[in-house]
Amino acid sequence: MVRKKMNLTLGLGSGDLESNTSTSEIVNDSSENNEYVSHGGTFHGGEFHITGEGITTSKHQRANKLGTELKQNLVVNYDNPLGAGASGVVYLAIDKRDNSKIALKEISVFDEGRRKQILKELEAMYDSNHNHLVSFHGAFYSEGSISIAMEYMDVGAITDIMEVCGKIPETILSVITEQVLQGFYYLHKKRHLIHRDVKPNNILMNSKGEFKITDFGVSSELEDSKADCGTFVGTVMYMSPERLGGEKYSYESDIWSFGLTIMELATGRFPYNDDDDDNSEKKNKIRQYGFWELLTLINKNDPQLNPKEFSKEICNFISICLNKDRTKRPTAEFLLSHPFVTRARNYSKEYQQWVSIVTPMVQKLNAKKISENPEATSDLIAEALNGFTI
C-alpha cells in the first residue's frame, strides 16, 4: 500500500518504525496517560497496543489481527480525501481481496492532542457493535500514524443530503430520527459514552438507507448513567447551554445537539440563522457566530418549529430536546417512545422510495466534489432539486 505524492511506503511489520523523530519526542510525560511509541514500532496508549500487525488490548486480552493482512491488500486514494474529522483525515480504500470499500482514518501520533483523540476513538469503537454506529474493522501503526479502518458509508453525511434536498420531509425525518436515537441509546445506556460532537457532519448514510453515528474523537466515558462531565470540547455551534456556560453536563448534552440537528433537517436552515438568511444562496449555510454572541442567542431565544407548517408531534419533540434546563431534557430511551418517532414504522414504503431517489443524487454530487468541478456541482444541485416532490 503506497501513499501517493508523499513517497511513503507503509511498513508491514511491527518493527518498521522509521522516523527522524526519536521516541522521547513523542512520549507524553504524563504518567496518567503514558502514551508512547516504543523503539520496536508499537504505539502504546491506555489499554491499547498497536503495531503493524494490528491492535491488541490488555483490558480484554484479545487481539484484532487485521493489521498486516489488511495493509497488504489495501489500495488507498490519498489524492482525494473523503473528509476530515475531529481526530484525523479520512481516505477511501479498496480491499483487493473482494473489492470492498473501507474508510481509512489516519491520525498522527506526534501531536499530544491527536494521541488523546486516537484513544477516545478506539475506546468508543473497539467494543461497540450496533447497527447505527459506524463499524470498526481494525487498526495498525506505521511511520508515525495510526490508521483506523472503518465501515465506508457510501452516500455521505447529512450535510451532503441537505445540499441536494434542502430540507427533509417529516415522514422521512421520523425514520432517520428513530435510527439515530437507537445509536444514542446504545452509546448512553450500554456504553456510558457521551459523543460530545453531535452535528449533521457526524451522522452518515449508506445506500441501504441506514443512518449511523461517527467520529468519536472527542467522546467521553462516564462511570455510570448518572455521572457528569466537565471538559469543553466539540463543535461550539451545536453545544448545549450548560456546555457553553462551562457547567457540568452529561448525556443530555447530546440530546440538545441532536435536537438542533433534526430541526435543521426539518427547516433546511440552522436554527440560529437570521430570518433574512432564507434566500437560496444562504439557506444551507450556517452563519458563524462568536462564542458570546451564540451564548446570548441561546439564552434569549427558544428555537421552535412553526406549528402551522409542522405537526404537533415534531414540534413537541424539538421543544423537549431543546429544553434549556438539562435536568428536564429527555433521554434517548424516552425519545424512542415519542409519537414523532414511533410513527416511523408507518412510513417504510415512503422511506425506501426516498432512499432510492436521494442516494444516486448525493453520490453523484459527492463524485463531482471529489473531482473538484464546481460548475458541474452547481448544475447537479439544480438538476437534483428539479421535480423532487416527496
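Above this text sits the structure in question.
Per chain, residue numbering runs from 1 following the sequence as it is written. Note on the predicted model: pLDDT of at least 70 is required for a residue's local features to be given, and 80 or more for side-chain atom pairs to be given and counted; whole-chain, interface and lining totals, by contrast, use all residues. Neither water nor hydrogens contribute to the side-chain values; these are computed over all heavy atoms in the structure.

1. Examining the nonpolar core
Nine residue types can take part in a nonpolar core, namely buried Ala, Val, Leu, Ile, Met, Phe, Trp, Tyr and Cys, and a core is a set of them joined through side-chain atoms within 4.5 Å. Accessible area is worked out with a 1.4 Å probe on protein chains only. A residue is then buried under 20% of its type maximum, exposed over 50%, and partly exposed in between. In terms of nonpolar packing, the biggest core is built from 61 residues, with I161, F211, F258, F317 and W354 touching the most fellow members. Working definition: helices are DSSP H or I runs of at least four residues, strands are E runs of at least two. Numbering for both runs from the N terminus. In terms of residue count, the dominant contributor to this core is helix 4 (residues 170-190) (nine residues).

2. Focus: the packing of aromatic side chains
Centres within 6.5 Å make a pair out of two Phe, Tyr or Trp rings, where for Trp the six-membered ring is used; the pair is then stacked when the planes are under 30 degrees apart, edge-to-face when over 60, and tilted otherwise. Tallied over the entire structure, the rule returns five aromatic pairs. Their ring planes at 70° and their centres at 4.7 Å tell us that Y78 and Y91 sit as a pair that is edge-to-face. Linking Y78 in the loop between strand 8 (74-77) and strand 9 (83-84) with Y91 in strand 10 (residues 89-95), this pair joins segments that are 13 residues apart in sequence. The residues Y78 and Y91 share a single accessibility class, namely buried. A centroid spacing of 5.3 Å and a plane angle of 75° characterise the contact between Y238 and F270, whose relative ring orientation is edge-to-face.

3. What to know about helix 3 (residues 158-165)
In an α-helix, one full turn covers 3.6 residues, which means residues spaced three or four apart are oriented alike. Counting buried positions over the eight residues of helix 3 gives six, a clear majority of the element. Turning to helix 3, its buried residues number three or more, namely I158, D160, I161, M162, V164 and C165. Where helix 3 terminates, the next one or two residues include G166, which has phi positive at roughly 80°.

4. Here we look at the pairing of strand 8
Of the two faces of strand 8, the one holding L74 and V76 is buried and the one holding V75 and N77 is not buried anywhere. As defined by bridge partners, strand 8 adjoins strand 10 across four bridges and the pair is classed as antiparallel. Opposite V75, over in strand 10, you have I94 as the bridge partner. The rule for pairing is simple: two strands pair if DSSP sees at least two bridges between them.

5. A word on unusual backbone geometry
Backbone geometry places H192, a non-glycine residue, at a positive phi of 55°. Phi is positive for R196, which is not a glycine, with a value near 75°. Here R196 shows up in the loop between strand 15 (193-194) and strand 16 (203-205).

6. Here we look at the sheet that holds strand 16
Sheet architecture is open: three strands sit in the order 14-16-17, paired in antiparallel fashion. The open sheet is flanked by strand 14 (156-157) and strand 17 (211-213), the only strands paired with a single partner. Examined bridge by bridge, strand 14 and strand 16 share two bridges and lie antiparallel to one another. Residue pairing for strand 16: G156 is matched across the bridge by M205.

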